[in-house]
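Spelled out, the chains give:
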Amino acid sequence: MAYVDGFIVPVPKKKLAAYRNVARKTGKIWREHGALDFKECVADDVKKGKWTSFPRSVKLKPNETVVFSYIVYKSRAHRDKVNAKVMKDKRFTGMDTKDMPFDAKRMIYGGFKVLVEA
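Residues numbered from 1 in each chain as written. Predicted model: local features only at pLDDT ≥ 70, side-chain atom pairs only at ≥ 80, totals over all residues. Heavy atoms only, no water.

> So, the nonpolar core: which residues are in play, and what are the values?
Of all hydrophobic cores here, the largest spans nine residues; its members are Tyr3, Ile29, Trp30, Ala35, Phe38, Ile71, Tyr73, Val82 and Val86. The set of elements that each furnish at least two residues to this core consists of helix H1 (16–32), strand S3 (64–73) and helix H3 (76–88). Apart from residues lying up to four places away in sequence, isoleucine 29 is in contact with Val86, Asp89, Arg91, Phe92 and Met95. (Core = buried A, V, L, I, M, F, W, Y, C linked by side-chain atoms within 4.5 Å. Buried < 20%, exposed > 50% of the residue type's maximum accessible area, 1.4 Å probe, protein only. Helix = DSSP H or I, 4+ residues; strand = E, 2+ residues; numbered from the N terminus. Contact = heavy atoms within 4.5 Å.)

Here's what the structure looks like:
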């Protein structure tokens, strides 16, 4: 069964173009190393909930938007192999996390087993 890494990050609206550029580069790296799919999605119909919501989960500020991202793999073992290759790729290791166009401290991420494929 497939495996998915999911991410939610707050991105300043004025840095969305820079985020897109970084995402294109990292997406290319993940795909070259075997990821089946790589998507970066910007909030469109995402409201702040009373108790929980995407905006609340990342402590969204007024000048920010939410980006939901996911990477698809054949399995968790496949994910681990792909990520090991990515972490050694000089194009990835050469990126300075201080220059990222989002607040990595508020990023939420995790690995998920696919429950249903339709």
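Having put the structure on the table, let's press on.
> Pulling in residues and values, what's your account of the environment of lysine 61?
Along the chain, the position of lysine 61 falls in the loop between helix H2 (54–57) and S3. The spacing of lysine 61 and proline 12 is 49 residues in sequence and 8.3 Å in space, taken between C-alpha atoms.

> Let's hear about the sheet that holds strand S1 (residues 3–12): which residues, and what values?
Spatially, S2-S3-S1-S4 is the arrangement adopted by the four strands of the open sheet, whose pairing is antiparallel. The open sheet terminates on both sides in strands that have one partner only, identified here as strand S2 (37–42) and strand S4 (108–113). Taken pair by pair, the neighbouring strands of this sheet meet at an average axis angle of 15°, ignoring direction. Inspection of the sheet shows S1 paired to S4 by six bridges, in the antiparallel sense. By the bridge assignment, phenylalanine 7 is partnered in S4 with tyrosine 109. Here H1 sits on the sheet in contact with S1, S2 and S3, set at roughly 165° to S2. (Pairing = 2+ DSSP bridges. Axes fitted to C-alpha atoms, helices over the stretch in contact; angles between N-to-C directions.)

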